[in-house]
Amino acid sequence: MAAKMPRLNAKRGGNGNVSYRAVTSLSVSRNNGDDGANPNANGGKSNAVPIQTTSADLCYINVSGKQYITTHSCLQQYPLTLLGSPDKELYWIPELKSYYFNRNRDCFESILTFYQTGREFRPLSVDDEIYEAERKFFRIEMKARAQETAVSVGDTADAAPICCDGDWRTTRKRVHRFLMDPRCSRWATAWHILDIVFICISITLLVMETDGNVKNAFKEGHAAYNYLFGLNVLVIAFFTTDLLIRFVTWPGLLNFWKNLFNILDILSILPFYVSLIAEAFEDDNTNNPTEHEHKSYVVLRVCRIFRIVRVFKFIRHSQDLIMIIKVVGHAKKELCLLVLLLFIFSVSFGSLMYYIEHQSNDQFSTIMQGCWWAIVTITTIGYGDIAPATWLGKVVGSLVLTMGIVFLALPMTIIVGKFSTVYEKEKGKE
């Protein structure tokens, strides 16, 4: 900055009496533009030059017992805020040799990030009202800051676009959080409850179509067909609207396609539109109507299979289920060990049982059937569809059952321990 505000209490927090380790130099960014210019004003680019900052420039801030260290020059980039103005001297505690604020620590980390980067990120674990109260306390006003930056640069014509762009980004973030976090407001909670209701209706319709008593009502010409079809259209319209809004407000187009739940949502509504397209292009004058009806039946059958994906939409509304999926991802090595052991045991014992039983028992006609028996026996399910008939086969079967209990219990202990450790870490982050 060409004209920097005078540093206030520059020696506070940096003298020799402080118990913290002395910092001889820090690399900080300073804008070489006009007075009061935001370093990120020029499209996110700044002519930041690293300078050596002595310990006298350090600013010690204590927020509810947690110590933060920054620089006075970093805070004074925004002189209209509390930390960038002389008003922060009211919170200086000589005994602590730092500025003390009895405020929310999670919110303050986000506010301090704003001073350092010029961008503001609200913690997901903090309620909207609490975060807004913290912003007002520290005088963080985004619109006023954007207008001040535009005017200070000297480009008055660009002031409106900056504000409009900031408004759009802010609105997009709020709408995205509205759709993804039911705790942000009462309306968000109501929207998520409505989504769950439509998921239940969709699954109910899917199950009713296979019931012999009511499946005729889903055929065209029945008295209740129009009502059921209209209800299905309403459900799909809600799912489509929710998906399109999330697509528009999602932070990054590529990140949208990387999210598994977005792919599941697309697959859940895709069968409905594919069915409509298949019916729209149906040609009644085809030369081979039997073949055409067969192709249409195959398309509709595949679409109905994909409708099962709607069940997985419930996962997005349960943080515990999402956390379990994350834990499973962390324990993939242990799960691979379990699958490998099951594969080794099933192939070895299945092959052994085949050579023992195939001459006197038609149930073990192939090694594949022997592997199926081994898997069912090792996992202690025991369907009973295949069973050994010879005394040697029964001895081997008893051995397989005993070894299955022992050897599968060992990796399961490792998996449970890994699961508990990762689950506690993920729960702590929440």
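Everything discussed here concerns the structure shown above.
Residues numbered from 1 in each chain as written. Predicted model: local features only at pLDDT ≥ 70, side-chain atom pairs only at ≥ 80, totals over all residues. Heavy atoms only, no water.

(A) How the structure looks around the environment of Phe178. Within the fold, Phe178 resides in helix H5 (residues 159-180). For Phe178, a relative accessible area of 24% puts it in the partly exposed group. For Phe178 and Trp191, which are 13 residues apart along the polypeptide, the C-alpha to C-alpha distance reads 8.5 Å. Those residues within four positions of Phe178 in sequence are excluded, and the remaining contacts are Cys184, Ser185, Trp187, Ala188, Trp191 and His192. (Helix = DSSP H or I, 4+ residues; strand = E, 2+ residues; numbered from the N terminus. Buried < 20%, exposed > 50% of the residue type's maximum accessible area, 1.4 Å probe, protein only. Contact = heavy atoms within 4.5 Å.)

(B) Here's a closer look at the nonpolar core. Within the largest apolar cluster, 19 residues are counted, with the highest numbers of intra-cluster contacts made by Ile61, Leu83, Phe101, Phe108, Tyr115 and Phe138. With five residues, the top contributor of residues to this core is helix H2 (residues 105-117). (Core = buried A, V, L, I, M, F, W, Y, C linked by side-chain atoms within 4.5 Å.)

(C) Representation of the pairing of strand S4 (residues 66-71) within the structure. Bridge count for strand S3 (residues 58-63) against S4 is six bridges, and the pairing is antiparallel. What sits directly across from Ile61, in S4, is Tyr68. Linking S3 to S4, which pair antiparallel, is a turn of two residues; within it Ser64 sits at a positive phi near 55°. (Pairing = 2+ DSSP bridges.)

(D) Main features of unusual backbone geometry. Positive phi, close to 55°, is recorded for Ser64, a residue that is not glycine. Tracing the sequence through the fold places Ser64 in the loop between S3 and S4. We classify Ser64 as partly exposed; its relative accessible area is 27%. Of note, the phi angle at Arg139 is positive, near 60°, even though the residue is not glycine. For Arg139, the location among the structural elements is in the loop between helix H3 (128-137) and helix H4 (142-153). The class for Arg139 is partly exposed, based on a relative accessible area of 33%.

Without other data, these values stay purely geometric and don't point to any function.
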